[in-house]
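What follows is each chain in one-letter form.
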Amino acid sequence: QDLATESGAVIKQHFRNGYTVDIKSDQSPVTIADREGERVMRELIMRSYPDHGILGEEFGHHQPDADYQWVLDPIDGTKSFIAHTYNFGTLIALTYCGKPIVGVINQPIVNDFLIGDGKTTWLNGKQVTVRPCKRIEDAWLSTTGHWTVFDYQNGPAFETLTKQVAHYRVYGDCFGYYAVAVGGIDIMLDPIMNAWDLLALIPVIEGAGGRITNWQGEDAAKFPTSSVATAGEIHDAVIRALNP
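Given the structure is predicted, the values throughout are model-derived calculations rather than measurements. (Residues numbered from 1 in each chain as written. Predicted model: local features only at pLDDT ≥ 70, side-chain atom pairs only at ≥ 80, totals over all residues. Heavy atoms only, no water.)

Visitor: Please clarify how the overall build of the protein chain should be interpreted in this entry.
Guide: In terms of helices and strands, the protein chain carries nine helices and 15 strands. For 244 residues, the compact-globule formula gives about 18 Å, and the C-alpha radius of gyration of the protein chain, at 17 Å, lands near that figure. In terms of principal-axis extent, the alpha carbons of the protein chain reach across some 50 × 35 × 35 Å. When the 244 residues of the protein chain are sorted by exposure, 53% land in the buried category. Summarising the internal contacts of the protein chain: among those between residues at least 6 apart in sequence, 58% fall at separations of at least 24. When the accessible area of the protein chain is evaluated, it comes to approximately 11,100 Å², of which 50% is carbon and sulfur surface. (Helix = DSSP H or I, 4+ residues; strand = E, 2+ residues; numbered from the N terminus. Rg over C-alpha atoms; globule rule 2.2 N^0.38 Å. Buried < 20%, exposed > 50% of the residue type's maximum accessible area, 1.4 Å probe, protein only. Contact = heavy atoms within 4.5 Å. Areas by Shrake-Rupley, 256 points an atom, 1.4 Å probe, with all protein chains shown as cover.)

What follows is the structure, given as structure tokens:
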């Protein structure tokens, strides 16, 4: 919570407040809020846990051989941040020997702090769970970007799934996983991910009673290159639909 509070104060300072948008080598945007948000978290971690490692989107790896690793994405959804919307958040994970043991999705503008340990998930101190959903036809589905699926996974199978569900929306980046964990939607998926995008989501979704794997149904922590999070009961059916 200290990491979320301190990084959130930096992000709030810059939100809708005029800044330069730079383009990184992978063509993704970055702002001073991304960089300074991660910097303050790194400083706090190194002060409190000097033996721990850190992997962050903006500044790479520190002590990569440490058993405990903090995995940071200061603004997951930088494009939404730049667009002056609230569909972004800060992702914080703590892993031990590669297994995520704590995950955080923090929305600093509306002060929503979501934390999970794989067994329980809390939103601002109150326990939350996924909602019951037993059939794909009853599900609400979201993804970060429709056409990105066609670039990295089976686009036609995904499009068929979007027509099977009850509702299809585009609640992007960590906001979609937040919505699954608090019982708002039933399926959130991304065809391509990095470790800093994904590892924090695992304890949050699982703590809320949901399931999260990669696109092919494999362990998301071991293969953090794509993600499918669901309310749980329909997970296997969703994976089959995405991989006919």
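Visitor: How should I be thinking about the sheet that holds strand β9 (residues 121-123) in this particular structure?
Guide: One key point about sheets: their strands pair by backbone hydrogen bonds, in either a parallel or an antiparallel sense. One open sheet holds the eight strands; their spatial order is β4-β3-β5-β6-β7-β8-β9-β10, and the pairing between them is mixed. Each end of this open sheet is capped by a strand with a single partner; those strands are β4 (60-62) and β10 (126-127). Two strands pair when backbone bridges link them, and β9 and β10 are joined in this way by two bridges, in the antiparallel orientation. Of the residues in β10, the one forming a bridge with Leu-123 is Lys-126. Across the sheet, helix α2 (residues 32-48) lies against β3 (53-56), β4, β5 (68-76) and β6 (89-96), angled at about 155° from β5, the strand it touches most. (Pairing = 2+ DSSP bridges. Axes fitted to C-alpha atoms, helices over the stretch in contact; angles between N-to-C directions.)

Visitor: How should I be thinking about the packing of helix α5 (residues 155-164) against helix α9 (residues 235-242) in this particular structure?
Guide: Two numbers describe a pair of packed helices, the interaxial angle and the distance between the axes. Direction vectors running N to C along α5 and α9 enclose 135°, while the axes themselves pass 8 Å from each other. With respect to each other, α5 and α9 are oriented oblique. For the pair α5 and α9, the contacting residues are Ala-157, Phe-158, Leu-161 and Gln-164 in the first and Val-238, Ala-241 and Leu-242 in the second. (Parallel < 35°, antiparallel > 145°, perpendicular 65-115°, else oblique.)

Visitor: How do you make sense of the packing of helix α1 (residues 2-14) against α2 when you look at a structure like this?
Guide: The N-to-C vectors of α1 and α2 enclose an angle of 155°; their axes lie 9 Å apart at closest approach. By the angle class used here, α1 and α2 are roughly antiparallel. Relative to α2, α1 is oriented so that their crossing is right-handed. For the pair formed by α1 and α2, the contact residues are Asp-2, Leu-3, Glu-6, Ser-7, Val-10, Ile-11 and His-14 on the first element and Ile-32, Ala-33, Glu-36, Gly-37, Val-40, Met-41, Leu-44 and Ile-45 on the second. (Left-handed = near helix turned anticlockwise from the far one by under 90°.)

Visitor: When you look at the environment of Gly-176 in this model, what are you seeing that I'm missing?
Guide: Inspection of the secondary structure assignment puts Gly-176 in helix α6 (residues 174-181). The contacts of Gly-176, once residues within four sequence positions are left out, are Tyr-171, Ile-185 and Met-188.

Visitor: Before we go on, may I ask you to explain α5 in this structure?
Guide: Listed in full, the buried residues belonging to α5 are Gly-155, Ala-157, Phe-158, Leu-161 and Thr-162. For α5, the angular spread of the buried residues around the axis is 160°, confining them to a single face. With respect to the buried face of α5, the exposed residues turned more than 90 degrees away are Pro-156 and Lys-163. Where the residues of α5 are buried, they touch β11 (140-143), α4 (146-152), β12 (167-169), β13 (187-190) and α9. The N-cap of α5, judged by a side-chain oxygen 3.0 Å from the amide nitrogen of Ala-157 a few residues on, is Asn-154. (Arc of directions from axis to C-beta. Polar contact = N/O pair within 3.5 Å; in protein donor to acceptor, adjacent residues only side chain to side chain.)

Visitor: Help me out: how do you make sense of the packing of aromatic side chains in this one?
Guide: Two numbers describe a pair of aromatic rings. These are the distance of the centres and the angle of the planes. Scanning the entire structure with this criterion turns up eleven aromatic pairs. Ring centres of Trp-147 and Phe-150 lie 4.9 Å apart, and the angle between their planes is 45°; on these two criteria the pair is classed as tilted. Taken together, the residues span about one helical turn, with Trp-147 and Phe-150 both in helix α4 at a distance of three residues. In this structure Phe-150 comes out as partly exposed when scored by relative accessible area, which is 29%. (Phe/Tyr/Trp six-rings, centres within 6.5 Å; stacked < 30°, edge-to-face > 60°.)

Visitor: Mind showing me how you'd approach the sheet that holds strand β15 (residues 227-230) here?
Guide: The five strands are arranged β12-β11-β13-β15-β14 in an open sheet whose pairing can be described as mixed. The sheet is open, and its two edges are formed by β12 and β14 (211-213), each paired on a single side. Taken pair by pair, the neighbouring strands of this sheet meet at an average axis angle of 15°, ignoring direction. Direction of pairing for β13 relative to β15: antiparallel, over a ladder of four bridges.

Visitor: How should the pattern of salt bridges be read in this particular structure?
Guide: As a working rule, side chains carrying opposite charge can pair if their charged atoms are close by. Evaluated as defined, the whole model comprises eight salt bridges. A salt bridge links Glu-36 to Arg-39, with the shortest nitrogen-to-oxygen separation between them at 3.2 Å. Residue Glu-36 and its partner Arg-39 are located together in helix α2, separated by three residues, close to a single helical turn. One salt-bridge network, held together by shared partners, links Lys-24, Glu-57 and Glu-58. (Salt bridge = Lys/Arg side-chain N within 4 Å of Asp/Glu carboxyl O.)

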